[in-house]
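Chain by chain, the residues run as shown.
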Amino acid sequence: MSIVETEKELSVYESMAARFDVAAQKLGLDEGLVKYMRAPNREIIVHIPVHMDSGKLEVFDGFRVQHSIARGPCKGGVRFSPTVTLDEIRGLAAEMTWKCAVVNIPFGGAKGGVVCDPQMLSSGELERITRRYTAEILDYIGPERDVPAPDMNTNEQTMAWIMDTYSMHMRHTVTAIVTGKPYDLGGSRGRPEATGRGCMIVCDQALKRFGRERSATRVVVQGFGNVGSQASRLMHEAGYKIIGVADIKSGVFNTKGLDIPKLLEYTREHKFVEGFPGGERIGKMEILEQDCDVLLPAATESVINSKNADRIRARILVEGANSPTTPPADAILFDRGVFVVPDILANAGGVTVSYFEWVQDRQGYFWPEGMVNERLKHIQVSAFNDVVGYGEKHNVNNRIAAYMLAIDRVALTLKLRGIYA
Ligand code: NAD
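Summarised in this report is the structure supplied together with it.

Parameters and conventions
Residues numbered from 1 in each chain as written. Predicted model: local features only at pLDDT ≥ 70, side-chain atom pairs only at ≥ 80, totals over all residues. Heavy atoms only, no water. Pairing = 2+ DSSP bridges. Helix = DSSP H or I, 4+ residues; strand = E, 2+ residues; numbered from the N terminus. Axes fitted to C-alpha atoms, helices over the stretch in contact; angles between N-to-C directions. Disulfide = S-S within 2.5 Å. Buried < 20%, exposed > 50% of the residue type's maximum accessible area, 1.4 Å probe, protein only. Near = heavy atom within 4 Å. Polar contact = N/O pair within 3.5 Å; in protein donor to acceptor, adjacent residues only side chain to side chain. Areas by Shrake-Rupley, 256 points an atom, 1.4 Å probe, with all protein chains shown as cover. Salt bridge = Lys/Arg side-chain N within 4 Å of Asp/Glu carboxyl O. Phe/Tyr/Trp six-rings, centres within 6.5 Å; stacked < 30°, edge-to-face > 60°. Contact = heavy atoms within 4.5 Å. Core = buried A, V, L, I, M, F, W, Y, C linked by side-chain atoms within 4.5 Å. Domains from an automatic or database assignment.

**Section: the sheet that holds strand 11 (residues 316-318)**
Okay, step 1: With mixed pairing, the seven strands of this open sheet are ordered in space as 9-8-7-6-10-11-12. Two strands close off the open sheet at either side, each with one partner strand: strand 9 (280-282) and strand 12 (339-341). Averaged over neighbouring strand pairs, the angle between their axes works out to 25° when direction is ignored.
Okay, step 2: In the sheet, strand 8 (residues 251-253) pairs with strand 9 via three bridges, with the strands oriented antiparallel. Looking across to strand 9, one finds that Val 252 is bridged to Arg 281.

**Some remarks on the state of the cysteines**
A covalent bond bridging the sulfur atoms of two cysteines is what the word disulfide describes.
Okay, step 1: Inspection of every chain in the model, using the stated rule, returns zero disulfides.
Okay, step 2: Unpaired in terms of disulfides, Cys 199 finds its nearest cysteine sulfur in Cys 203, a separation of 8.7 Å.
Okay, step 3: Look at Cys 199 and you get buried, because its relative accessible area is 0%.

**Brief notes about the site of the ligand**
Okay, step 1: Within the structure, the ligand sits among 18 residues, and Thr 195, Phe 224, Asn 226, Val 227 and Asn 322 are positioned closest to it.
Okay, step 2: The contact in question runs from an oxygen atom of the ligand to an N or O atom on the backbone of Asn 226, over 2.9 Å.
Okay, step 3: Residue Gly 320 places a main-chain N or O atom 3.4 Å away from an oxygen atom belonging to the ligand.
Okay, step 4: Its free accessible area being 830 Å², the ligand has 74% of it covered by the protein chains.

**Digging into the pattern of salt bridges**
Opposite charge on two side chains allows them to pair when their charged atoms are near.
Okay, step 1: In total, this model carries 30 salt bridges according to the counting rule given.
Okay, step 2: Between Glu 88 and Arg 79 there is a salt bridge; the shortest N-O distance is 2.7 Å. Accessibility classification places Glu 88 together with Arg 79 in one group, the buried group.
Okay, step 3: Residues Glu 392 and Arg 209 are paired through a salt bridge, measuring 2.6 Å at the closest nitrogen-oxygen approach.

**Some thoughts on the packing of aromatic side chains**
Okay, step 1: Applying the stated criterion across every chain yields a total of nine aromatic pairs.
Okay, step 2: With a centroid separation of 5.5 Å and 90° between ring planes, the pair formed by Phe 210 and Phe 339 is classed as edge-to-face. Here Phe 210 is found in helix 6 (residues 194-210), whereas its partner Phe 339 is found in strand 12, with 129 residues between them in sequence.
Okay, step 3: Phe 339 gets classed as buried once you look at its relative accessible area, which sits at 11%.
Okay, step 4: Ring centres of Phe 339 and Phe 384 lie 6.2 Å apart, and the angle between their planes is 40°; this geometry places the pair in the tilted category. Separated by 45 residues along the polypeptide, Phe 339 in strand 12 and Phe 384 in helix 12 (residues 369-394) bring together distant segments of the chain.
Okay, step 5: Residue classification places Phe 384 among the buried residues on the basis of a relative accessible area of 3%.
Okay, step 6: Taken together, Phe 107, Tyr 355, Phe 356, Trp 358 and Trp 367 form an aromatic cluster joined through their ring pairs.

**Thoughts on the sheet that holds strand 2 (residues 57-66)**
Strand pairing in a sheet relies on backbone hydrogen bonds, with the paired strands running either antiparallel or parallel.
Okay, step 1: Read across the sheet, five strands follow the order 1-2-4-3-5 without closing on themselves; strand pairing throughout is mixed. Strand pairing shows two members of the sheet lacking a second neighbour, strand 1 (42-51) and strand 5 (146-150), which therefore form its edges. Strand-to-strand, the axes of this sheet are offset by a mean angle of 25°, without reference to chain direction.
Okay, step 2: Summarising the sheet, strand 3 (residues 74-81) and strand 5 pair through five bridges and their orientation is parallel. Residue pairing for strand 5: Val 78 is matched across the bridge by Pro 150.
Okay, step 3: Contacts from helix 3 (residues 86-102) reach strand 1, strand 2, strand 3 and strand 4 (108-115), with the element oriented near 155° to strand 4.

**Thoughts on the nonpolar core**
Okay, step 1: Formed by 89 residues in total, the largest nonpolar core has its most connected members in Phe 20, Met 37, Trp 98, Met 235, Val 245, Val 318 and Ile 407.
Okay, step 2: Both domains that meet at this core, namely domain 1 (41-185) and domain 2 (194-346), each give it at least three residues.
Okay, step 3: Sequence-distant contacts of Met 37, defined by excluding residues within four places in its chain, comprise Phe 20, Leu 29, His 67, Trp 98, Ile 407, Val 410, Ala 411 and Leu 414.
Okay, step 4: Counting residues in each nonpolar core, the second largest holds 25 residues, with Ile 44, Val 50, Val 78 and Val 174 among its members.

Honestly, it's all geometry; don't read function into it.
Right under this line is the structure:
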């Protein structure tokens, strides 16, 4: 299926598959190899019994999809959500394989999920779900097999529970079983802001290409959680002008630039940006269509789609979120000359510092924050140049270039190893 011909909006898995097919075809790889790389290595479905606070026994469905172990252990987050499906996890697991390959770190991709509504669960219930989920997938994870991390509605505490459950079964402490842990349990300096910092690093590189200065660059950010707030803070400190920010309720906009430290203080108290006195109220989708130089979607998937892509006015799109742009929208943005820094490159700072965390845990030797940030910059700048160079060489847009580069790297590993068929 050609991306340009795709008319309906696609699921995360379908979007991944459509892009994969275009990139694989352009690489001219062997048909059997393409078939093998497209399919996940393993899909695990578990049913998790949990004693609820009420005394009732409840059963939750959980998934772990391991897409590829070609280049190293699988790596990917675990999300808790009432709407999560195996199909979504399958798409996200494959995206992780390509993301790790784009930044050239020695991991394959995985993703996990548990169908539950964290808003409706007590901390004790969440802990019991997490521990039993870990026990159910125990034989398939490990520092050399598959290393989970936080994702939607999971956090440092969830990782601490997974680490403890795994360690209790192993009879010794295994810090490298998860990343995104609290610093005091073997986490890494610089991990909380790594994804936002990575977005800024690639944005800096994009500006260089256009000969622009940070101080003359107006940025709009959708999403003010981990990625969006850290990216806004770091970019504001670096001299960018953040003119709009939105979260799930609404946005705030000020062409003169928002006072980000004050906004952060405001959201710590009020949770949402709504009511912030330093700007005008604006809709959370409307904000995407405002006149700006850089648009940084850092909220959720498919927000830029065939319905609004022709109204995006940014010159540069830095995809902090996973899959914020659908394949039909990609084609529209490309036609309109928007410079897209695709998600598997733009938001790879998180998994890169997760890799650093895993290395530090295995060494039992922890790096200062400056070293983490310096090494992150080195990896993301190299990856940016690799992707853009690949695109120019093959005359494809940055999205397809990133996929081609990643698929090419995984294919090379498989060719060198040989397929045990
Ligand atoms: P988060 O839960 O901390 O924050 C999400 C933010 O987006 C919140 O401010 C929320 O209010 C807002 N939001 C949600 N739906 C929205 C909508 N429809 N419109 C506007 N705002 C909306 O999540 P996060 O960790 O910051 O992740 C954001 C995105 O980045 C996700 O796509 C995630 O998969 C991706 N990502 C995160 C990391 C990481 O290290 N946290 C790494 C790579 C990719």
